[in-house]
Amino acid sequence: MKEKIGFIGLGLIGGSIAKAIRQYYPDFELVAFDKQKETLALAAQEGIIDTACSSINDSFCNCTYLFLCAPVAYNNAYLAQLKTYLHEGCILTDVGSVKNSIHEAVKKLGLEEYFIGGHPMAGSEKSGFANAKAILIENAYFVLTPSEKVSPEKVTAYKDFIASLKAIPIIMNAKEHDFVTGTISHLPHIIASGLVNFVEQTDTANEYMKLLAAGGFKDITRIASSSPTMWQHICLKNHKQISEILDAYIHLLIETKKSVETCNTEQLYDFFDRANNYRNSIPDSSFGCIKKEFVIYCDIIDEAGGIATIATILASNHISIKNIGIIHNREFEEGVLRIEFYEELSSQKAVKLLQKYRYIVYER
Ligand SMILES: NC(=O)C1=CN([C@@H]2O[C@H](COP(=O)(O)OP(=O)(O)OC[C@H]3O[C@@H](n4cnc5c(N)ncnc54)[C@H](O)[C@@H]3O)[C@@H](O)[C@H]2O)C=CC1
Ligand SMILES: O=C(O)C(=O)Cc1ccc(O)cc1
């Protein structure tokens, strides 16, 4: 019999896992339910799923894995409905960004022998199946939080399965997971959205702030473009930890304000110096979420056809451009044209090629 895997929610993360499974296990049967019919239609049309379900129904019988991939509060709510479809060998899992609340719900329903929580530390500010890709989880940490009563065989099987999809499994305790991700992921999303809202409400009548918002502002607020529903659910389900983390962060801001107010030369230097050193010590690979961008900058003369010439050089050498554009709000001196590629090899080839044509190219 073919192995069957079920998905509840088939957006960015569910869709990316389904695509990875389809890539590495083409014979597996994939069934999915999503509240958006268009999503299911697209997934079926692309050959990613075999069965599109309009509800959680008998198509979910006999699944080896059941993946809950909707916003976290919905995942918790679906557990009761899935109870009838669980069998001895089944692994029930989720991909939610919060782990403790789903473990509590699993315990209440007596589903511990089936449940291993999951959280791929990969993603982006984009959402939906249309943005899903198998490569999203490649080389990304994939946190697993096994229930106390789940068998070690199931944990090993799930770990091996995740590794076979080219992600990196890492076992953690649910509470510790929520503290860690609360600090490095949930807090930053609140800060980013807060900063954007602050600028919007503080901007001058002629919106100079919006006009001049430079790379630094854009770098640290990219994640403010994420799904509001997803982040609403995360804050509601990890509210205790996030609230405590916010207290500690507000304390840090108050201390920083004191340094600014009193013009404390040493404290101010130390604040930026510590951050600089710690930030530089974080390896590119340490947080799978933030996929490296493959960007180069290039000086071009401001004349008609400047961009077209570069695009032609790259295209005629089979290098695909993901994004190209002039930077008006430059933070650093060099390189007025920003070119983004899909992968590192293209970016490296482009640098060599453009240098051959005597362009001045910068990598950051
Ligand atoms: N976006 C990201 O970068 C990451 C998200 N996660 C977690 O993954 C889960 C899914 O997030 P994304 O895939 O990013 O969101 P998404 O918005 O791309 O996908 C969610 C999917 O669930 C469907 N859905 C929503 N409510 C539903 C319901 N009540 N019943 C059935 N289907 C429903 C939506 O139609 C959509 O297709 C969330 O729990 C999130 O915390 C985990 C890692 C990264
Ligand atoms: O886009 C980014 O950098 C993210 O931080 C994406 C993300 C969002 C939620 C998660 O639970 C994990 C990763």
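The model shown is predicted, which means the values in this text are computed figures rather than measured ones.

Engineer: Would you mind going over the environment of Thr 181 with me for this structure?
Structural biologist: Position of Thr 181 among the secondary structure elements: in helix α6 (residues 174–202). Taking the C-beta count within 10 Å as the criterion, Thr 181 has 23 such neighbours and is therefore assigned buried. Considering only alpha carbons, one finds Thr 181 and Gln 241, 60 residues apart in sequence, at a separation of 9.8 Å. Excluding residues within four positions of it along the chain, Thr 181 makes contact with Ser 97 and His 186.

Engineer: It is not clear to me how the environment of Glu 261 should be interpreted in this structure. Could you clarify?
Structural biologist: One can find Glu 261 in helix α10 (residues 239–261). C-beta crowding within 10 Å serves as the criterion here: with 8 such atoms nearby, Glu 261 is assigned to the exposed category. Sequence-wise, Glu 261 and His 239 are 22 residues apart; in three dimensions their C-alpha atoms are separated by 32 Å.

Engineer: What is the right way to look at the domain arrangement of the protein chain in this model?
Structural biologist: Structurally, the protein chain comprises domain 1 (4–172), domain 2 (177–255) and domain 3 (294–363). Here the C-alpha centroids of domain 2 and domain 3 sit 31 Å apart.

Engineer: Help me understand the pairing of strand β8 (residues 168–171) in this model?
Structural biologist: Two faces, one strand: in a regular strand the side chains alternate between the faces of the sheet. As judged from the 4 bridges shared by strand β7 (residues 141–146) and β8, these two strands associate in the parallel manner. When the sheet's bridge partners are listed, Leu 144 is paired in β8 with Ile 171. Regarding topology, helix α5 (residues 152–164) serves as the crossover connection from β7 to the parallel β8, and that connection is right-handed.

Engineer: Which parts of the structure should I look at to understand the site of ligand 1?
Structural biologist: Around ligand 1, the surrounding shell holds 30 residues, and the nearest of these are Gly 9, Gly 11, Ser 97, Gly 123 and Ser 127. Residue-level mapping places the shell around ligand 1 at the junction of two domains, with at least three residues from each of domain 1 (4–172) and domain 2 (177–255).

Engineer: Any chance you could explain the sheet that holds strand β10 (residues 321–326) here in plain terms?
Structural biologist: Strand pairs in the sheet, formed through backbone hydrogen bonds, run parallel or antiparallel to each other. Taken in spatial order, the 4 strands line up as β10-β11-β9-β12 in an open sheet, and their pairing is antiparallel. Of all the strands in the sheet, the pair left with one neighbour each is β10 and β12 (360–363). In this sheet, neighbouring strand axes are inclined to one another by 25° on average, regardless of whether the strands run parallel or antiparallel. Pairing between β10 and strand β11 (residues 337–341): 5 bridges, direction antiparallel. Along β11, the bridge assignment pairs Ile 321 with Phe 341.

Engineer: In this structure, what is going on with the nonpolar core? I would like to understand it.
Structural biologist: Considering soluble globular proteins, one finds that nonpolar side chains tend to be buried as a cluster. In this structure, Ala 18, Leu 30, Ala 32, Ala 43, Phe 67, Cys 69 and Ile 137 are the most contacted members of the largest nonpolar core, which totals 55 residues. No other element matches helix α1 (residues 12–24), which puts 6 residues into this core. For Cys 69, the residues in contact, after removing those within four places along its chain, are Phe 7, Ile 8, Gly 9, Leu 10, Gly 11, Ile 13, Gly 14 and Val 95. In this structure, Ile 296, Cys 298, Leu 314 and Ile 339 belong to the second largest nonpolar core, which totals 8 residues.

Engineer: Could you clarify how one ought to interpret the packing of α6 against α10 in this entry?
Structural biologist: Each pair of packed helices gets described by two things: the angle between the helix axes and the distance between those axes. Close contact between α6 and α10 brings their axes to 10 Å; oriented N to C, the two are set at 60°. On the basis of the axis angle, α6 is oblique to α10. The two elements α6 and α10 cross, and the hand of that crossing is right-handed. Mapping the contact onto sequence places Asp 178, Phe 179, Gly 182, Thr 183, His 186 and Leu 187 in α6 and Gln 241, Ile 242, Ile 245, Leu 246 and Tyr 249 in α10.

Engineer: How do you make sense of the sheet that holds strand β1 (residues 4–8) when you look at a structure like this?
Structural biologist: If you walk across this open sheet you meet the 5 strands as β3-β2-β1-β4-β5, and the pairing is parallel. Every other strand in the sheet has two partners, leaving β3 (51–53) and β5 (91–94) as the edge strands with one partner each. Adjacent strand axes in the sheet meet at a mean angle of 15° when their direction is disregarded. Pairing of β1 with strand β4 (residues 65–68), which is carried by 4 bridges, proceeds in the parallel orientation. Bridge pairing in β4 links Phe 7 to Phe 67. Along the sheet face, α1 touches β1, β2 (29–33) and β4 and points at about 165° away from the line of β2.

Engineer: Help me understand unusual backbone geometry in this model?
Structural biologist: Leaving glycine aside, a negative phi is the common case for residues, and trans is the common case for peptide bonds. One non-glycine residue, Lys 166, lies in the positive phi region at around 80°. Its location among the elements puts Lys 166 in the loop between α5 and β8.

Engineer: I'm lost on the environment of Gly 96 in this one. Help?
Structural biologist: One can find Gly 96 in the loop between β5 and α4 (100–108). Judged by the 27 C-beta atoms lying within 10 Å of it, Gly 96 is buried. Considered as a pair, Gly 96 and Lys 154 are 58 residues apart in the sequence and their alpha carbons are 19 Å apart. The residues contacting Gly 96, other than those within four sequence positions of it, are Val 72, Asn 75, Ile 102 and His 119.

The rules behind the values
Residues numbered from 1 in each chain as written. Chains lettered and ligands numbered in written order. Predicted model: local features only at pLDDT ≥ 70, side-chain atom pairs only at ≥ 80, totals over all residues. Helix = DSSP H or I, 4+ residues; strand = E, 2+ residues; numbered from the N terminus. Buried ≥ 20, exposed ≤ 12 C-beta atoms within 10 Å, placed from the backbone. Contact = placed C-beta atoms within 7 Å. Domains from an automatic or database assignment. Pairing = 2+ DSSP bridges. Right-handed = clockwise from strand over helix to strand, strands pointing away. Near = placed C-beta within 6 Å. Axes fitted to C-alpha atoms, helices over the stretch in contact; angles between N-to-C directions. Core = buried A, V, L, I, M, F, W, Y, C linked by C-beta atoms within 7 Å. Parallel < 35°, antiparallel > 145°, perpendicular 65-115°, else oblique. Left-handed = near helix turned anticlockwise from the far one by under 90°.

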